[in-house]
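Tertiary structure, described
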Amino acid sequence: MKGLVIIPAFNEEGAILNTVRAIEKEAPSFDYIVINDCSTDHTRQILEENWLNHINLPINSGIGAAVQTGYIYAKNNSYDCAVQMDGDGQHDPKFLEKMMETMERDQADMVIGSRFIENKGFQSSRARRMGINFFKRWIHTLTGQTITDATSGMRLCDRAVINLFAKDYPRDYPEPETVVEVIKKGYKVEEIPVEMKARTSGKSSININKSIYYMIKVTFACFIQSFNKKEINT
Amino acid sequence: MNIRIQIIIAVIIILAFIYITNLVRKKKVELKYTISWYVLGVVYLLFDLIPPFLNGFTRLIGIALPVNMLIFLAIGIIFMILFSQTVIISRHTQDLKKLVQQNALLEERLRKLEEESHEKE
């Protein structure tokens, strides 16, 4: 299987090089592409000086648009699967090979790396865990399937889901609602345990002021995605 | 306030909710930009369906009729939504200009590259 790691990066000058080097070392069967979302720091210079494979977006377009650019790239270059990994070093590339094995073994369309199956590694703050727990129950209500870590950005998608995301992907806070969409359309979604780290540099894109908007938007978006009908026969 | 106007307002708001939700589902509008309209609807429904709430606010602000209070409220919220749209349009204008310029610069670079490769042949 030909795999691609999509790394969205906005102002990640401190972590981006280590992130890419770790992928090259620990997940050698994957290619990678950094999507620089119009960073205002030295991210671009670092990408150019080190000859890292990257795409520069001309306008800051948000995480969703950056990741979608990666899915379009994956589609155009006919990758078999693509996984998103944050550029801030929170995700550990040593789990990528295992995610790919799981996908092949179980014929899954999407494999999510979850922090909350074995509860190892960085567990995020209390408030965030409460939010994630709420989405776990909400998504269970809407789809009947339990996703322990719907906000996880570390998700491996096969060709069918890459095509789906290349066509349409939310601009902000895309993870939970696209999980609902994918399940409702009849694709097979699985989770495997992973460990994440606390971010080493940079700032989280979600601050306290935005959390209320986040909760309302994502709750509502999940609800609307749950109207999707089954598209494939399994 | 008359029960008839209360029912009419509630029905209109609920129909509008269904219409907007359907557009979001079909991806004709961005969910992000509909949230302010939902908030308008919910606030309006609260004032419409809980008369003591509406009457209290009406007296507090110093308006004679509760219906006028509803109109005052609507205009206030509409101004807010309208201004936020001015902000959004301004951002889109800037983005579009930047995109056009980037595209033109890219075209120029590509044209030069093609000319150079022609000269070599």
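Residues numbered from 1 in each chain as written. Chains lettered and ligands numbered in written order. Predicted model: local features only at pLDDT ≥ 70, side-chain atom pairs only at ≥ 80, totals over all residues. Heavy atoms only, no water.

1. Overview of the overall build of chain A
Stated formally: Going along the chain from the N terminus, every DSSP run of H or I of four or more residues is numbered as a helix, and every run of E of two or more is numbered as a strand. The size measure is the radius of gyration over C-alpha atoms, and the globule rule it meets is 2.2 Å times the number of residues to the 0.38 power. Using a 1.4 Å probe on the protein chains alone, a residue whose accessible area is under 20% of its type maximum counts as buried, one over 50% counts as exposed, and one in between counts as partly exposed. Throughout, a contact is declared for two residues whenever any of their heavy atoms are within 4.5 Å. Each accessible area is a Shrake-Rupley estimate made with a 1.4 Å probe; only the visible protein chains count as cover when residues are assessed. Counting rule applied: Lys, Arg positive; Asp, Glu negative; His and chain ends not counted. Just so you know, the charge point we use is NZ for Lys, CZ for Arg, CG for Asp and CD for Glu.
Looking only at helices and strands, one finds 8 helices and 7 strands in chain A. Here the C-alpha atoms of chain A give a radius of gyration of 17 Å, agreeing with the 17 Å that 2.2 N^0.38 yields for 234 residues. Viewed in the frame of its principal axes, chain A has a C-alpha envelope of about 50 × 40 × 35 Å. When each of the 234 residues of chain A is scored for burial, the buried share is 53%. Sequence-distant contacts, at least 24 apart, represent 77% of the contacts inside chain A between residues at least 6 apart. For chain A, the exposed area adds up to about 10700 Å²; of that, 51% sits on carbon and sulfur atoms. Averaging the locations of the 29 positively and 30 negatively charged side chains of chain A gives two centres separated by 6 Å.

2. A word on the pattern of salt bridges
Put simply, the test is: By definition here, a salt bridge exists when the distance from a side-chain nitrogen of Lys or Arg to a carboxyl oxygen of Asp or Glu is within 4 Å.
Counted according to the given criterion, the structure contains 15 salt bridges over all chains. For the salt bridge of D80 of chain A with R159 of chain A, the shortest nitrogen-to-oxygen distance reads 3.0 Å. With D80 of chain A in the loop between α3 (63-76) and β4 (81-84) and R159 of chain A in helix α6 (residues 159-167), this residue pair connects regions lying 79 residues apart in the sequence. Accessibility expressed as a relative area gives 42% for R159 of chain A, which makes it partly exposed. Among the ionic pairs, E177 of chain A bridges to K217 of chain A, the shortest N-O distance being 3.3 Å. Here E177 of chain A, found in helix α7 (residues 175-184), pairs with K217 of chain A, found in helix α8 (residues 208-225); they are 40 residues apart in sequence, far enough to count as distant. For E177 of chain A, a relative accessible area of 8% corresponds to the buried category. Taken together, the shared-partner salt bridges connect D168, E181 and K185 of chain A together with K27 of chain B into one network.

3. Some remarks on the pairing of strand β7 (residues 189-193) of chain A
Residue and element names in this part refer to chain A. We apply this condition: We treat two strands as partners when DSSP finds at least two bridges between them.
Most of β7 is tucked away, with 5 of its 5 residues classed as buried. Neither face of β7 is left uncovered, since the one carrying V189, E191 and P193 and the one carrying E190 and I192 both have all their residues buried. As paired elements, strand β5 (residues 110-114) and β7 share 5 bridges and run parallel to each other. Among the inter-strand pairings, V111 is bridged to a residue of β7, identified as E190.

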